[in-house]
Every structure is written in structure tokens, then in C-alpha cells.
Amino acid sequence: AMLEGTGGTMPKGLITYDSAASWTTGTDTMLSYGVTANLFQPEDVYGMLGVLPDAVQKKPIKFIMRPNLWSRIRGRRGDAITAADGKGPFVFNITRTVDQHIPPQLDGYPVILSSQVSNTRATSKSYVLAGAFEDWIISRFGVMEFLMSNTGDTPMAYDQTLLRAIQIMDAGPRHTPSFCFADD
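Q: Break down the nonpolar core for me, citing the residues and quoting the values.
A: Core analysis: the largest hydrophobic core is formed by 22 residues, its most contacted members being Phe 40, Met 48, Phe 63, Met 65, Leu 106 and Val 128. Of all the secondary-structure elements, those providing two or more residues to this core are strand S2 (30-34), helix H1 (42-51), strand S3 (62-65), helix H3 (67-74), strand S6 (128-131) and strand S9 (179-183). Formed by 13 residues, the second largest nonpolar core is a distinct cluster that contains Leu 3, Ile 64, Val 117 and Trp 136.

Printed below as a string of C-alpha cells:
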């Protein structure tokens, strides 16, 4: 819900906020970045970082994406002999060997991998988020309300106690321009 929620009875998801291609003073819209031909390329990392305001670029930035997108990115290779042969050095970490683990990082920034990122948006593509997630605020009312009951047909017959826990939460950006959304 914090990524894609519609609001109302659930938090409004980060990707559902209004967006703009560039930041301007006095506006509070999330930033969007267009990925060419639906293929996330090395230059897109820098493009996403480049649209973030100066103040945001000084904060700890993280990327969020699906694990299967990361697996394609970390194995991407450049061209060696002919165009698009993909037999050159690894694009994202050229000093590794086959047996070395690549930490999930883009340009030194951590990548958070989550299957909670949708892969069914616009022709089964995914999206990438980048931003200062310290500006994503999660709030809750109280801690948790517990209600228990051992009455009724089923609990009494099976010597059970029903327990219900309710927690009221919401979330949202402190400043929406702290985030950049790259979608297909």
C-alpha cells in the first residue's frame, strides 16, 4: 500500500502522487523520469539522480526495484566487437569475476529489492524508485488495540480464544520531490 495504495482506507502509495518531469520552486510533485524503449540502462541511473533537487542529492538516496529486474541489471554486459553483441565487460561492475557477489548498488547507492514492486504495470513492465527515503514518513495512532473473546459457538466448543489486533497507520512523503519514479 505504501508503494501503490489508492488512499482512503489505505495509505496513498508513493507512485500515485502527481508527478512532473522536472522540479520547480514552490511545487510539491514527485519527479518522473522516462526510460527509453522500456529498457533500464546505465545512463538511467544518472538521469534519475539528476532530476532530484540539490537538497535531496545531499541526503542518503536509495533505489527500489523488483529482484528480477536487479538480476537482469547486474548481469548486463557492454558490446565487445559488434553493436549489441553483449560480450564486453560487465556494465555495472567491470572489476568483478564470475564468482564475486555484486552488492545491490547503483552508482554506490543501495538498492532495495522487493517483490512488492508491481510487475504488471503497462504491458507487464516494472518500475524503479529513487529517492531520499528518510523523507517518507510512517505514522501510527497509538500502538495497537487488542480485543479478545472466548464466547461464541466455535471458540467455546474448541476451547479457543479469538484475538484481534488493530493498528491505525498512515504514510506519506514529507516532500514529494524527494523521490523520482521511472516507469515504462
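And the narrative resumes.
Q: An account of the layout of surface pockets is needed here, citing residue identities and associated values.
A: Of the voids in this model, the second largest pocket is the one considered here, and its volume is about 200 Å³. Along its surface, the second largest pocket is lined by Ala 1, Met 2, Leu 3, Glu 4, Gly 5, Leu 14, Ile 64, Gln 116, Phe 133, Trp 136 and Ile 138. Among the residues forming the lining of the second largest pocket, the class breakdown is eight nonpolar, two polar and one charged.

Q: Got a sec to walk through the sheet that holds S2? Specific residues and values, please.
A: In space, the seven strands of this open sheet follow the order S1-S2-S9-S6-S3-S5-S4, with mixed pairing throughout. On the outer flanks of this sheet lie strand S1 (19-20) and strand S4 (105-106), each paired with one strand and no other. Bridge count for S3 against S6 is three bridges, and the pairing is antiparallel. Bridge assignment links Phe 63 to a residue of S6, and that residue is Ala 130. Packing against the sheet, H1 makes contact with S2, S3, S4, strand S5 (109-113), S6 and S9, and its axis sits at approximately 155° to S2. Relative to S3, H3 is tilted by about 110°, and along the sheet it contacts S3, S4, S5 and S6.

Q: Tell me about the packing of aromatic side chains, and name the residues and values.
A: This model, assessed by the stated rule, comprises three aromatic pairs. Ring centres of Tyr 127 and Phe 181 lie 5.3 Å apart, and the angle between their planes is 65°; on these two criteria the pair is classed as edge-to-face. Here Tyr 127, found in the loop between S5 and S6, pairs with Phe 181, found in strand S9; they are 54 residues apart in sequence, far enough to count as distant. The burial state of Tyr 127 is the same as that of Phe 181; both residues are buried. The rings of Phe 133, Trp 136 and Phe 179 are connected pair by pair, giving a single aromatic cluster. Geometry around Tyr 17 places Lys 12 over its ring, the cationic atom sitting 4.6 Å from the centre.

Definitions and limits used
- Residues numbered from 1 in each chain as written.
- Predicted model: local features only at pLDDT ≥ 70, side-chain atom pairs only at ≥ 80, totals over all residues.
- Heavy atoms only, no water.
- Core = buried A, V, L, I, M, F, W, Y, C linked by side-chain atoms within 4.5 Å.
- Buried < 20%, exposed > 50% of the residue type's maximum accessible area, 1.4 Å probe, protein only.
- Helix = DSSP H or I, 4+ residues; strand = E, 2+ residues; numbered from the N terminus.
- 1 Å grid on protein atoms, 1.4 Å probe; cavity = no way out; pocket = protein on both sides within 12 Å on 5 of 7 lines; lining within 4 Å.
- Points joined across faces, edges and corners; volume = space filled by probe spheres on them.
- Nonpolar A, V, L, I, M, F, W, Y, C, P; charged D, E, K, R; others polar.
- Pairing = 2+ DSSP bridges.
- Contact = heavy atoms within 4.5 Å.
- Axes fitted to C-alpha atoms, helices over the stretch in contact; angles between N-to-C directions.
- Phe/Tyr/Trp six-rings, centres within 6.5 Å; stacked < 30°, edge-to-face > 60°.
- Lys NZ or Arg CZ within 6 Å of the ring centre and 35° of its normal.

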